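Geometric and topological summary
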Amino acid sequence: MRTADIRRRYLDYFEAHDHTIVPSASLISPDPSILFTIAGMVPFIPYIIGTEPAPYPRAASVQKCIRTNDIENVGRTTRHGTFFQMMGNFSFGDYFKDGAVDLAWEFLTGPEDEGKLAFDGSRMWVTIWEEDEVAAAALVRVGVDPDQIVRLPREENFWDTGQPGPAGPCAEFHYDRGPEFGPDAVGGDVDPGGDRYLEIWNLVFDQFLRGEGTGKSYPLIKELDAKAIDTGAGLERIAFLKQGVANMYEIDEVRPVITRAEELSGKAYGSGDVENDVRMRVVADHVRSALMLVADGVRPGNEGRGYVLRRLVRRAVRAMRLLGVTTPSLPELLPVSVAVMKESYPELEADFQRIAGIVYGEEDAFRRTLESGTTILDSAVRRVRDGGGTVLGGEDAFKLHDTYGFPIDLTVEMAAEQGVSIDTEAFTSLMQEQRQRARADALTKKTGHVDTSVYTALASDLAQPVQFLGYTDATAQV
Ligand code: ATP
Ligand code: MG
Ligand code: MG
Ligand code: MG
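Residues numbered from 1 in each chain as written. Chains lettered and ligands numbered in written order. Predicted model: local features only at pLDDT ≥ 70, side-chain atom pairs only at ≥ 80, totals over all residues.

The chain is annotated in an unreviewed UniProt entry as Alanine--tRNA ligase from Serinibacter arcticus. The record in UniProt for the chain states the following under Function (unreviewed entry): "Catalyzes the attachment of alanine to tRNA(Ala) in a two-step reaction: alanine is first activated by ATP to form Ala-AMP and then transferred to the acceptor end of tRNA(Ala). Also edits incorrectly charged Ser-tRNA(Ala) and Gly-tRNA(Ala) via its editing domain." Taken directly from UniProt, the Sequence similarities (unreviewed entry) text for the chain runs: "Belongs to the class-II aminoacyl-tRNA synthetase family." (UniProt positions renumbered as here; feature names shortened; annotations may be inferred.)

Considerations on the confidence of the model for the chain
Looking at the chain, pLDDT values average 90 and 92% of them are 70 or higher. In this model, residues 446-478 is a region of pLDDT below 50 whose contacts with residues beyond four sequence positions or in other chains number 86 contacts. Complex prediction metrics read pTM 0.87 and ipTM 0.99. (pLDDT = per-residue confidence, 0-100. Contact = placed C-beta atoms within 7 Å.)

Focus on helix 11 (residues 352-386)
The terminal C-alpha atoms of helix 11, which comprises 35 residues, lie 51 Å apart, in line with the 51 Å expected from a rise of 1.5 Å per residue. Along helix 11, the residues classified as buried are I355, V359, E362, E363, F366, L370, G373, L377, A380 and V381. The inward-facing, buried residues of helix 11 contact helix 7 (274-295), helix 8 (304-322), helix 9 (330-341), strand 10 (391-392), helix 12 (394-404) and helix 13 (408-417). One or two residues past the end of helix 11 sits G388, with phi positive at roughly 80°. (Helix = DSSP H or I, 4+ residues; strand = E, 2+ residues; numbered from the N terminus. Expected span 1.5 Å × (residues − 1). Buried ≥ 20, exposed ≤ 12 C-beta atoms within 10 Å, placed from the backbone.)

Quick notes on the environment of P331
Within the secondary structure layout, P331 lies in helix 9. Given 12 C-beta atoms within 10 Å, P331 falls into the exposed group. Considering only alpha carbons, one finds P331 and G244, 87 residues apart in sequence, at a separation of 30 Å.

Description of the domain arrangement of the chain
Entries for the chain in the domain assignment read domain 1 (3-242) and domain 2 (254-463). The C-alpha centroid of domain 2 is placed 31 Å from the C-alpha centroid of domain 1. (Domains from an automatic or database assignment.)

Observations concerning the packing of helix 1 (residues 3-16) against helix 5 (residues 235-242)
Closest axis-to-axis distance for the helix 1/helix 5 pair is 9 Å, and the angle between their directions is 120°. The angle between helix 1 and helix 5 places the two elements in the oblique class. Helix 5 is crossed by helix 1, and the crossing has right-handed handedness. For the pair helix 1 and helix 5, contact is made by T3, I6 and R7 and by L235, I238, A239 and K242, respectively. When grouped by side-chain class, the residues that make up the contact of helix 1 with helix 5 number 4 nonpolar, 1 polar and 2 charged. (Axes fitted to C-alpha atoms, helices over the stretch in contact; angles between N-to-C directions. Parallel < 35°, antiparallel > 145°, perpendicular 65-115°, else oblique. Left-handed = near helix turned anticlockwise from the far one by under 90°. Nonpolar A, V, L, I, M, F, W, Y, C, P; charged D, E, K, R; others polar.)

Description of the site of ligand 1
Residues in close proximity to ligand 1 total 19 residues, the closest being D70, F84, N202, G232 and G234. Elements that contribute at least two residues to the shell around ligand 1 include exactly strand 3 (83-92), strand 8 (197-210), strand 9 (220-234) and helix 5. Of the residues belonging to the shell around ligand 1, the class tally is 8 nonpolar, 5 polar and 6 charged. (Near = placed C-beta within 6 Å.)

Considering the packing of helix 11 against helix 12
Axis angle and axis distance: for two packed helices, these are the angle between their axes and the distance between the axes, and together they describe the pair. Between helix 11 and helix 12, the shortest axis-to-axis distance is 11 Å and the interhelical angle comes to 160°. On the basis of their axis angle, the class for helix 11 and helix 12 is roughly antiparallel. Once helix 11 is placed against helix 12, the crossing between them reads as right-handed. Of the residues in helix 12, those touching helix 11 at T369, S372, G373, I376, L377 and A380 are D396, L400 and Y404. For the contact of helix 11 with helix 12, the per-class residue count stands at 5 nonpolar, 3 polar and 1 charged.

Details of the nonpolar core
In this structure, A104, V126, V283, V287, A290, L291 and A316 are the most contacted members of the largest nonpolar core, which totals 113 residues. Top contributing element to this core by residue count: helix 7, with 11 residues. Both domains that meet at this core, namely domain 1 (3-242) and domain 2 (254-463), each give it at least three residues. Ignoring any residue separated from it by four or fewer positions in sequence, one finds A316 in contact with V282, V283, H286, V287 and A290. Counting residues in hydrophobic clusters, the runner-up holds 15 residues, among them A380, L392, A397 and M431. (Core = buried A, V, L, I, M, F, W, Y, C linked by C-beta atoms within 7 Å.)

As structure tokens, this is what we get:
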């Protein structure tokens, strides 16, 4: 089942159930408190928190999302993209828990020839809030094994906006891929390590009015009159299960970029070199994210969204270099991503010249950075060797990183080629100091914002202006 087909099925199914189909909003968040659209609910926030009347009682969308907080997971887990598509259905004072559970269950487990996904319901595990007996009863009624309903405390399965207002429990569907992917969910722990239980769909029940309090310790004052449903299902995660591949980077909309990276590098994906596989997945993810960001009007820069885009392009280029490709890569990779994404996003093809100009220009700029950084590095290494030493100081590495955007792993690698190591401990502590400064700075600039939910942590993370910290932090592998 192609990804575009799953997307189509989702929209058709919810349209048949009287939902208004709403096109994806831009990746540039319509909510000014966050940089990017991080979830399907973001465009609907005013209707969910009740500051504006909803123009329809039910809606469904497939929303383009960017989550920068997942960047270090990309290529290392099976399931985190910086760009991904969140399928969501929403009810504004219309159906509630029973309706949301019925709709999700029927779509997940109904027959394929009726436009549904035909997942094996006996493999589904659902985490709920421990006091949510209504959700538990609805799940049992549709056929979820009661032993696979996992009750969690409020800290782990409860949505709120970070301030007094609407709040409520979640029910999260996890699919058991089978014992070959990891240990059993002993005691209901659906995250026992390994990649066995995959979270695919989060149903958020916007049920209560909450009072003052920090974290999740606030009183639930009363039931809301107008309850809302907000759900989010990861299209790529469902696609990788339905396509029988190992992870979301191997689906039809992503894998062809890995194939092109294989051709360019002459290295085979999946041949046992784990780090090379991660690099190829990073390349495929980041090229796609850069494509979608530029298509939505983001331009490379040194702060905010532009810096995120810059970092994605640089990481992709860097990963290609580590794969041994030193010639310009993006002109080879970007068109492949467009070719697989244009069915769902035809504007990519129409706008290709503009997008390509920006993306290729950013790769060229990074290549020039690498060249000037190399000159500086070479002279620093020469200085160390002339003095009879073998270790380059952390300050030099930091300066290269901070001023020239020269990635630390590249510094380490290139210095090693000349028999010199780097004082990475000193480098790391300089990085930490800088990060603390940036954080203090960001906090003073931060204005109050409406935090959005289960996405609270992400939102507040992203609401802080992103500082130009050079290329990437010291722990990044590529
Ligand atoms: P995880 O715990 O796996 O990081 P999450 O709990 O952060 O996921 P939610 O915020 O609940 O995810 O988002 C709703 C759904 O969107 C998830 O159930 C998942 O299917 C999908 N999703 C979330 N983050 C990503 C991502 N980075 N890449 C792909 N799909 C994602
Ligand atoms: Mg997450
Ligand atoms: Mg989760
Ligand atoms: Mg979740």
